[in-house]
Amino acid sequence: QVQLVESGGGSVQAGDSLRLSCVISGRTDTIAAMAWFRQGPGKEREFVARITWVGLNTYYADSVKGRFTVSRDNAKKTVYLQMISLKPEDTAVYYCKADLVLGYPLWGQGTQVTVSS
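The following paragraphs examine the structure supplied in this document. What you see is a predicted model; the values in this text were computed from it and never measured.

This brings us to the pattern of salt bridges. Counted according to the given criterion, the structure contains seven salt bridges. Notably, a salt bridge pairs Asp99 with Arg50, separated by 3.6 Å at the nearest N-O pair. Placement of the pair is Asp99 in strand 9 (residues 92-100) and Arg50 in strand 5 (residues 46-52), with a sequence separation of 49 residues. Since its relative accessible area comes to 24%, Arg50 is described here as partly exposed. Residues joined in a network through salt bridges with shared partners are Arg38, Glu46, Arg67 and Asp90.

We now examine the environment of Phe68. Relative to the elements of secondary structure, Phe68 occurs in strand 7 (residues 68-73). Owing to a relative accessible area of 2%, Phe68 belongs among the buried residues under this scheme. As for Phe68 and Ala49, which are separated by 19 residues in sequence, their C-alpha atoms are 8.1 Å apart.

Our focus in this paragraph is the sheet that holds strand 7. Ordered in space as 1-3-8-7, the four strands form an open sheet in which the pairing is antiparallel. For this open sheet the edge positions go to strand 1 (3-7) and strand 7, each flanked by a neighbour on one side alone. Taking the axes of each pair of neighbouring strands and ignoring which way they run, one obtains an average angle of 20 degrees across the sheet. Bridge analysis of strand 7 against strand 8 (residues 78-83) gives six bridges, and the strand direction is antiparallel. When the bridges of strand 8 are listed, Asp73 appears paired with Thr78.

On to empty space enclosed by the protein, then. Taken as a whole and assessed by the stated rule, the structure comprises one cavity of 30 Å³ or more. Its boundaries defined by the atoms lining it, the largest cavity holds a volume of some 40 Å³. Split by residue class, the lining of the largest cavity holds one nonpolar, three polar and five charged.

Next up on the list: the environment of Gly15. Turning to its location among the elements, Gly15 is positioned in the loop between strand 2 (10-13) and strand 3 (18-25). Note: C-alpha distance between Gly15 and Met34 (19 residues apart in sequence) is 26 Å.

Let us look at the nonpolar core. Met34, Trp36, Val79, Leu81, Met83 and Tyr94 are the most contacted members of the largest nonpolar core, which totals 29 residues. Contributions of two or more residues to this core are made by strand 3, strand 4 (31-39), strand 5, strand 7, strand 8, strand 9 and strand 11 (111-116). The dominant element in this core, judged by the number of residues it contributes, is strand 9, at five residues. Leu81 has contacts with Leu18, Arg19, Leu20, Trp36, Val48, Ala49, Phe68, Thr69, Val70 and Tyr94, leaving out every residue within four places of it along the chain.

What counts, and where the lines are drawn
- Residues numbered from 1 in each chain as written.
- Predicted model: local features only at pLDDT ≥ 70, side-chain atom pairs only at ≥ 80, totals over all residues.
- Heavy atoms only, no water.
- Salt bridge = Lys/Arg side-chain N within 4 Å of Asp/Glu carboxyl O.
- Helix = DSSP H or I, 4+ residues; strand = E, 2+ residues; numbered from the N terminus.
- Buried < 20%, exposed > 50% of the residue type's maximum accessible area, 1.4 Å probe, protein only.
- Pairing = 2+ DSSP bridges.
- Axes fitted to C-alpha atoms, helices over the stretch in contact; angles between N-to-C directions.
- 1 Å grid on protein atoms, 1.4 Å probe; cavity = no way out; pocket = protein on both sides within 12 Å on 5 of 7 lines; lining within 4 Å.
- Points joined across faces, edges and corners; volume = space filled by probe spheres on them.
- Nonpolar A, V, L, I, M, F, W, Y, C, P; charged D, E, K, R; others polar.
- Core = buried A, V, L, I, M, F, W, Y, C linked by side-chain atoms within 4.5 Å.
- Contact = heavy atoms within 4.5 Å.

It is worth stressing that arrangement in space is one thing and function is another; only the former is reported here.
See below:
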């Protein structure tokens, strides 16, 4: 019932900014939290940021703290990841994830972010 569609990725230079979007289709009352993960070349998928649905509490990986901001637009049913001061090590496929009240995660298709030095 819930579907996630990501967009906003692209190729940028170090120091540039990007904003990723995750549009949620379906019932948002089934969502406990939304999160962003990423997986770089030859690396395991890692946590980036999370925002709880009702309290809007945010959490960030140390590697992105101070540079990335996760937010939600309830009217648009969209979660954003604003990324500034991008670094080459931020290059990865970024995935949106919904942590559902039922207890299982739902993943988006991913969007590629490439940062050149």
